[in-house]
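These are the residues of each chain, in order.
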Amino acid sequence: MKLENILEDIIKIPSVTSNLEACRKTVEYITDLAQKENLKTKLIENDQVLSLIIAKEIKNKYEVILNGHLDVVPASKEQFTPKIKIKKGKRIMYGRGTSDMKGPVVSILLAFIESIREGCNKDIALLFTTDEEFGGFKGMKYLVDQNLRANIFFIPDGGNNWSICTDQKGVFQIKFTAKGVSAHGSRVWLGDNAVVKLITVYENIEKEFLKRWGKATKKNNWKPTVNLGALNGGDNANKVPNVATMLIDIRYPTPVTQSELEKIVKSSIVNGVTWETISSGAPLSTNIKNEYINKWIDVLDDKPVFEQEPGASDGRFLAEKGINVLLTKPRSSEPHIDNEWVNLDDLIVFKDSVKRWIRSI
């Protein structure tokens, strides 16, 4: 059971979140590997989203859960054909999901299987989901709402290059709908432009963010941000649009709260505009003095590097329940880029490090 062969096999499966057949095929591939090791598996299907638990015994509470997601973001066909190249003496595999996060998934899968083969009797399980790239609501959120628990979740989906991610921002995504009055573009005084209403709302929100927290930059980004992700309305240049929609994405760190942000949104609304939350999740904050994290630090050869990340992961649903999360991953590229890659040699080191961590707990 060679790491790179397993990784090649699952990268070839285009398990984009919306591709239910491919996600199922990926889950079945991993299920087959686990069952050949006489491990028990449980497949959970929630509204066409699959999650897989692998353990010596299936239950609701474990000491440790090793967790990853099997779904990926869309990519060109050639990105689902993995390629291995030698770069500065290191074996690098390119392909969609190598970094985010099929590469790390194979590491924790093999770390678990090899530990069991070697007689490990620790209370540990594997959990794989297939909707993280769509928000994780039908996978991780559903499972924790159904009381799946662990003392700590180990998730190699953050903390690049072996750093430990201590904090991730919360997510607050909103859909705005505006209603106006149609008119001919040459008689704008007879109409009420729905698109302009939404632009005004966005400008009001942005102005308040800048007033309270200032502009986020590459060097100073640990503050709330707002992004206008989509604005749709109108169908002709010479017509005043009477309906429009807008999607915005807000990311915010502790101690900012969603209720605080909702007050800003409410105060920014103009006549004819309504809004609704389409996605949300609390900020994640990890206690680096946690015993499991300290044991991981002991495994590392170098002094640990701690970092904060503006992005989010399924860990936010665990944070809402007060569950500890350890976020770290091996050397790999940024997620979702065209030339996504992972260092194969580092994946093996990562796998062996996870095994040492398991033995230490």
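Just above, that's the structure.
Caption draft 1: Spatial organisation of the overall build of the protein chain. Counting its secondary structure elements, the protein chain contains nine helices and 18 strands. For a compact globule of 361 residues, the expected C-alpha radius of gyration is about 21 Å, and the protein chain comes in at 23 Å, within 12% of that figure. Viewed in the frame of its principal axes, the protein chain has a C-alpha envelope of about 80 × 45 × 45 Å. Long-range contacts, defined here as pairs at least 24 residues apart, represent 78% of the contacts in the protein chain between residues at least 6 apart. Here the protein chain contributes 51 positively and 46 negatively charged side chains, and the mean placements of these two sets differ by 2 Å.

Caption draft 2: Structural view of unusual backbone geometry. A cis geometry characterises the amide bond from Asp100 onward to Met101, with omega recorded as -15°. Take Met101: it is sitting in helix H3 (residues 98–117). A cis geometry characterises the amide bond from Thr254 onward to Pro255, with omega recorded as 10°. Even without being a glycine, Asn38 presents a positive backbone phi close to 65°.

Caption draft 3: Just the environment of Val181, in detail. Along the polypeptide, Val181 turns up in the loop between strand S9 (170–179) and strand S10 (183–184). Classification of Val181 by relative accessible area gives partly exposed; the value is 40%. Linking Val181 and Asn242, residues 61 residues apart in sequence, is a C-alpha distance of 4.6 Å. Residues within four places of Val181 in sequence aside, it is in contact with Leu190, Gly191, Asp192, Val240 and Asn242.

Caption draft 4: Geometry of the packing of aromatic side chains. In the structure shown here, the tally under the stated rule is nine aromatic pairs. For the pair Trp162 and Phe350, a centre-to-centre distance of 5.2 Å together with 75° between the ring planes defines the contact as edge-to-face. Taken together, the positions of Trp162 in the loop between strand S7 (149–155) and strand S8 (164–168) and Phe350 in helix H9 (residues 344–360) put the pair 188 residues apart, joining distant regions of the chain. Given the relative accessible area of 13%, Trp162 is considered buried. You can call Phe350 buried: its relative accessible area is 0%. Taking the centre distance of 5.1 Å and the plane angle of 80° together, the rings of Phe209 and Trp213 count as edge-to-face.

Caption draft 5: Focus on the packing of helix H1 (residues 3–11) against H3. Axis separation between H1 and H3 bottoms out at 10 Å; the angle between their running directions is 135°. Judged on the interaxial angle alone, H3 and H1 are oblique. Of the two possible hands of crossing, H1 and H3 adopt the one that is right-handed. Contacts between H1 and H3 involve Leu3, Ile6, Leu7, Ile10 and Ile11 on the former and, on the latter, Thr98, Lys102, Gly103, Val106, Ser107 and Leu110. Its residues placed into classes, the contact of H1 with H3 shows seven nonpolar, three polar and one charged.

Caption draft 6: Quick look at H9. Along its 17 residues, H9 runs 25 Å from first to last C-alpha, staying within 8% of the 24 Å computed at 1.5 Å per residue. Within H9 the residues assigned to the buried category are Leu344, Asp346, Leu347, Phe350, Lys351, Ser353, Val354, Lys355, Trp357 and Ile358.

Caption draft 7: Structural context of the sheet that holds strand S5 (residues 90–94). Overall, antiparallel pairing links the three strands, which are arranged S4-S5-S18 in an open sheet. If you trace the sheet from one side to the other, it starts and ends with strand S4 (83–87) and strand S18 (341–343), each paired once. Averaged over all pairs of adjacent strands, the angle between strand axes in this sheet comes to 30°, irrespective of strand direction. Bridging between S5 and S18 involves three bridges; their strand directions are antiparallel. Paired with Met93 across the bridge in S18 is Val342. Packing of H1 onto the sheet brings it into contact with S4, S5 and S18, and relative to S5 it is tilted by some 20°. Relative to the sheet, H3 contacts S5 and S18, its axis offset from that of S18 by approximately 40°.

About the cut-offs
- Residues numbered from 1 in each chain as written.
- Predicted model: local features only at pLDDT ≥ 70, side-chain atom pairs only at ≥ 80, totals over all residues.
- Heavy atoms only, no water.
- Helix = DSSP H or I, 4+ residues; strand = E, 2+ residues; numbered from the N terminus.
- Rg over C-alpha atoms; globule rule 2.2 N^0.38 Å.
- Contact = heavy atoms within 4.5 Å.
- Lys, Arg positive; Asp, Glu negative; His and termini not counted.
- Charge placed at Lys NZ, Arg CZ, Asp CG, Glu CD.
- Buried < 20%, exposed > 50% of the residue type's maximum accessible area, 1.4 Å probe, protein only.
- Phe/Tyr/Trp six-rings, centres within 6.5 Å; stacked < 30°, edge-to-face > 60°.
- Axes fitted to C-alpha atoms, helices over the stretch in contact; angles between N-to-C directions.
- Parallel < 35°, antiparallel > 145°, perpendicular 65-115°, else oblique.
- Left-handed = near helix turned anticlockwise from the far one by under 90°.
- Nonpolar A, V, L, I, M, F, W, Y, C, P; charged D, E, K, R; others polar.
- Expected span 1.5 Å × (residues − 1).
- Pairing = 2+ DSSP bridges.

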